[in-house]
Amino acid sequence: MRIILLIFLSVLFAVSSYAQLGHNNMYLISNLNQHSSAGLYSAIWGYEAPDGREYAVLGCYDGTAFIDITDPGNIREVDFVPTVNASSTSNIWREMKTYSHYAYIVSEVGSSGIQIVDLQYLPDSVRYVKKYVPAGHVSSHSISQEGPYLFLNGCNASFGNGVTVIDLSVDPENPVKRGGFNASYIHDCRVVNDTIYAANIYDSKVSIINAVNKNSLSLITSFINFPNSGPHNTALSPDGNFLFVTDEIGNTPRLMKIWNVSDFGNITFVSSWQPTGITSSVVHNVECYGNYILAGHYTAGLRMVDVSDPAQPVEVAWYDTYPANNGGTYNGCWGMYMFPSGKIAASDRQTGLYVLKTEFDVNVAIEGLYNPSTNRLNRKDTVRVYLRDAKAPYGMIDSSVAVLDSVSLTANCKMNYAPAGEYYVVVKHRNSVETWSRAGGEVYDPMTIETYSFLNSADRAFGNNMMQADASPVRFAIFSGDVNQDGAVDAGDASMIDNDASNFVSGYVVTDLNGDRTVDGSDMLLVEFNASNYITKSVP
């Protein structure tokens, strides 16, 4: 019986440990689930207004929600545009794109046309302009956009179920139908520099189409995305050399495939990717942001992949919006949109909008807590990390309280507000000397996975203001002993430690520098040594 119990506890521990992997390097800011009673959610897109405010545009079963995500502490729906036919079961598909200050919405609801919404009155409200229905049009599966042109995909066959161009250049409120390409069904497409990368989901292929002449589209080439693969969505690398193709149907596992398309006459397969440790979930939509792919992977949630080396894609962050399982169903994360602020709006079919962000990691060791015999800290502890403007007067732009892990020496910080720019990274610990990053500041891009390490050399700190705590591996640590946090290790700090030591103070107290939960001579030796060496904080 005891053996069975031990086995049960071991399995339970393993399952619990795995369950804790629901997110990695990515955290939740907010989840809004206000329309689930109507039915399933669908696509997501984003709009950044001229005043810099950010809005998620969320496809709901009963219409489209416009959600202000500018302030992480006050994410709220500001307006809603209903579907044209609430009784249609085709409301489970809804897609949208933006151009200028307009949103354009399509669905597979009959006679849905293109709903046109004017966004210039945000943050107060939106204005529903009208439903535009091109001659012969019944419905669209998806919509793409480049410049003043929309591209309707997967429409009714009599209209053209390939791709059709809609021109917004003269009057965005009164679009004009132009040409199309309808040699085969197109489920979705990506349009870059007047070139269409189309997913022919039922033909196992990708078509590349010339769209320079909007009245007469022509095929450049096509290629098989592996037999029986079912390509659903495409994204192009910023340099135009690599195409990322997702498989929603067909053979399993359903992978994201990477193709070298730098030469249309010689398109070659590079590699494929699926989430870390998961082989069953289905990939849906992907978007490319610099060296990173964001993938809506249904039951596996939102995944972030470093594709700086397309031959070796590496998953660097994820957030599981559907923790129930990682099965091969079409539940969970549908799609995503990343804003320049680094906020990611993601849609989950069951639970609505997720506003997410990647963590900012800081690697740091603390002199008193670091043990060179174990190459780790004696215990975890809390630090506060600041991002300060790299230019005088070095204003504080953002901050985060984080737990410094004793083994990895990493603090996973949540910077909700700082825009891209140059900053000093500043670490404060309850009994250590405030330490700034190296002179000149660091470039911070919230749209990437960022890490700053103080560990490798003294010059990682402003004024080389650290001590070497270990020779193998080489590690530098911030100075301990500033107990009263006045910026210097001196007699005032020594007096506080001496007083607590003489009174046999123990526990989690600020005067315990080495983390053994006892204030004694070892703490006194450390503070006296640093005081005798006039250790103070060093700032620009």
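Throughout what follows, the structure given in this document is the object of discussion. Bear in mind the structure is a predicted one, so any value in this text is a computation, not a measurement.

This paragraph deals with the pattern of salt bridges. Counted according to the given criterion, the structure contains 17 salt bridges. Between arginine 303 and glutamate 315 there is a salt bridge whose closest N-O contact spans 2.5 Å. Of this pair, arginine 303 sits in strand β25 (residues 302-306) while glutamate 315 is found in strand β26 (residues 314-319), placing the two residues 12 residues apart along the sequence. In this pair, the class of arginine 303 matches that of glutamate 315, namely buried. A salt bridge links aspartate 512 to arginine 379; its shortest N-O distance comes to 3.5 Å. Linking aspartate 512 in the loop between α2 (491-502) and α3 (521-532) with arginine 379 in the loop between β32 (376-377) and β33 (381-389), this pair joins segments that are 133 residues apart in sequence. Taken individually, aspartate 512 and arginine 379 each receive the classification buried, so the pair is uniform in this respect. What you see here is one network of salt bridges that share partners, running through Arg379, Asp381, Arg430 and Asp512.

When you tally the buried positions in strand β28 (residues 344-348), you get 5 out of 5 residues, the bulk of the element. Bridging between strand β27 (residues 333-338) and β28 involves 5 bridges; their strand directions are antiparallel. Counted as the bridge partner of methionine 338 is isoleucine 344 from β28. Once β27 ends, the chain turns through 5 residues before running back antiparallel as β28, passing glycine 342 with a positive phi of about 95 degrees. Pairing analysis gives 5 bridges linking β28 to strand β29 (residues 352-358), with the strands arranged antiparallel. By the bridge assignment for β29, alanine 345 is matched with valine 355. In this antiparallel pair of consecutive strands, β28 and β29, the connection spans 3 residues.

A cis amide bond links alanine 392 with the next residue in sequence, proline 393, at an omega value of 10 degrees. The omega torsion across serine 472 and proline 473 is 0 degrees, close enough to zero to call that bond cis. Position of proline 473 among the secondary structure elements: in the loop between β40 (467-471) and β41 (474-477). One non-glycine residue, asparagine 193, adopts positive backbone phi at about 55 degrees. Looking at where asparagine 193 falls in the secondary structure, it is placed in the loop between β15 (188-192) and β16 (195-200). One non-glycine residue, aspartate 194, lies in the positive phi region at around 60 degrees. Its location among the elements puts aspartate 194 in the loop between β15 and β16.

Analysis parameters
- Residues numbered from 1 in each chain as written.
- Predicted model: local features only at pLDDT ≥ 70, side-chain atom pairs only at ≥ 80, totals over all residues.
- Heavy atoms only, no water.
- Salt bridge = Lys/Arg side-chain N within 4 Å of Asp/Glu carboxyl O.
- Helix = DSSP H or I, 4+ residues; strand = E, 2+ residues; numbered from the N terminus.
- Buried < 20%, exposed > 50% of the residue type's maximum accessible area, 1.4 Å probe, protein only.
- Pairing = 2+ DSSP bridges.

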